[in-house]
Amino acid sequence: MTLFGKTCSSLEECEKVLQALHDADTSPPASAIERLAKVRSVVDTLQGLREVADKFKKNADETDPEKKTYGSGMVQKVLTFYERFTVASASANALLESTEKNAAVEEAALRKAEEEARALKQAEEEQKRAQLEEAARVARLAEEQERARRKAEAEYAEAARKRAEEESERKAAEESERK
């Protein structure tokens with residue numbers, strides 16, 4: 001395939017992608033960030049074709065019969081190609097500008113959503129930590145109450161034992177007085 005043929009094929013591919021992106025504007029919205037990547041790819045391809053397209057156009061515009069490299073049929077093909085190329089470049093650049101704005105808005109919304117999700121997760125973690133701290137505090141209180149109960153039971157048992165011992169000593173003393 002000739003350079004002109006390859007260049008025309010590249011332009012046709014760019015035009016197809018641009019048409020698909022244009023058609024996507026009228027269908028359910030796609031991610032502006034994904035669209036931006038596609039548009040940038042087309043713009044990059046067209047920028048890569050710019051030098052070759054300009055050379056074709058310069059050769060087609062040549063008026064000196066000694067320097068002419070194209071016949072009239074090829075001149076018409078090049079001029080048609082260059083017109084399509086110019087339209088595609090302008091369309092791609094305009095689409096790039098609008099898509100960059102939409103992508104910036106989408107990226108800002110995504111960042112905000114991510115920040116909100118992080119804040120929510122942090123709040124949930126703080127709430128969980130607070131619940132764990134409260135559970136630990138309640139467990140400590142329950143443990144302290146259990147120790148206090150055991151201490152009170154032990155003190156009561158000790159007092160009861162002392163009373164029983166004193167009662168036993170008193171009874172023993174009474175019996176020994178009786179004898």
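Before any of the text, the structure's been laid out above.
The following paragraphs examine the structure supplied in this document. Residue positions are counted from 1 within each chain, in the order its sequence is given. This being a predicted model, a pLDDT of at least 70 is required before a residue's local features are given, and a value of 80 or more before pairs of side-chain atoms are given or counted; all residues contribute to the totals for chains, interfaces and linings. Calculation of side-chain values draws on the structure's entire complement of heavy atoms; hydrogens and water are dropped beforehand.

### Digging into the packing of aromatic side chains
For any pair of aromatic rings, the description consists of the separation of the ring centres together with the inter-plane angle of the planes. Any Phe, Tyr or Trp ring, taking Trp's six-membered ring, that has another such ring centre within 6.5 Å forms a pair; planes under 30 degrees apart are called stacked, those over 60 apart edge-to-face, and the others tilted. Applying the stated rule across the entire model yields 5 aromatic pairs. With centroids separated by 5.2 Å and ring planes inclined at 80°, the aromatic side chains of phenylalanine 4 and phenylalanine 56 adopt a geometry described as edge-to-face. Highlighted residues: phenylalanine 4 in helix α1 (residues 3-26) and phenylalanine 56 in helix α2 (residues 32-61), separated in sequence by 52 residues. Judged by centre distance (6.0 Å) and plane angle (35°), the rings of tyrosine 82 and phenylalanine 85 are tilted. A residue pair is termed a helical-turn pair when its members lie 3 or 4 positions apart in one helix, as tyrosine 82 and phenylalanine 85 do in helix α3 (residues 72-178) at 3 residues. When accessible area is computed with a 1.4 Å probe and restricted to protein chains, residues below 20% of their type maximum are described as buried, those above 50% as exposed, and intermediate ones as partly exposed. Residue classification places tyrosine 82 among the buried positions, given a relative accessible area of 16%. Sitting above the plane of the tyrosine 156 ring, arginine 163 keeps its charged end 5.9 Å from the centroid. Per the convention used, a helix needs a DSSP run of H or I reaching at least four residues, while a strand needs a run of E reaching at least two, with both numbered from the N terminus. Charge-over-ring contacts are defined here by two conditions on Lys NZ or Arg CZ: a distance within 6 Å of the ring centre and an angle within 35 degrees of the ring normal.

### Here we look at the nonpolar core
Remark: nonpolar core denotes a set of buried residues (Ala, Val, Leu, Ile, Met, Phe, Trp, Tyr, Cys) joined through side-chain atoms within 4.5 Å. Leu46, Phe81 and Phe85 are the most contacted members of the largest nonpolar core, which has 27 residues in total. Mapped by element, the contributors of at least two residues to this core are α1, α2 and α3. Ignoring anything within four residues of it in the chain, the contact list for phenylalanine 81 reads Phe4, Thr7, Cys8, Leu11, Ala53 and Phe56. Should any heavy atoms of two residues lie within 4.5 Å, those residues are counted as being in contact.

### Quick notes on the pattern of salt bridges
Any two side chains of opposite charge can pair, given that their charged atoms come close. Salt bridges are defined by distance alone: a side-chain nitrogen of Lys or Arg within 4 Å of a carboxyl oxygen of Asp or Glu. In the structure shown here, the tally under the stated rule is 17 salt bridges. With a shortest N-O distance of 3.9 Å, arginine 50 and aspartate 54 are connected by a salt bridge. One end of the pair is arginine 50 and the other is aspartate 54, both in helix α2 and 4 residues apart, which spans about a single turn. The salt bridge involving arginine 170 is made with glutamate 167; its shortest N-O contact spans 2.1 Å. In this pair, arginine 170 and glutamate 167 are both assigned in helix α3, 3 residues apart and thus about one turn of the helix distant. On the basis of relative accessibility, which here comes to 30%, the residue glutamate 167 falls in the partly exposed class. One salt-bridge network, held together by shared partners, links Glu146, Arg149, Arg150 and Glu153.

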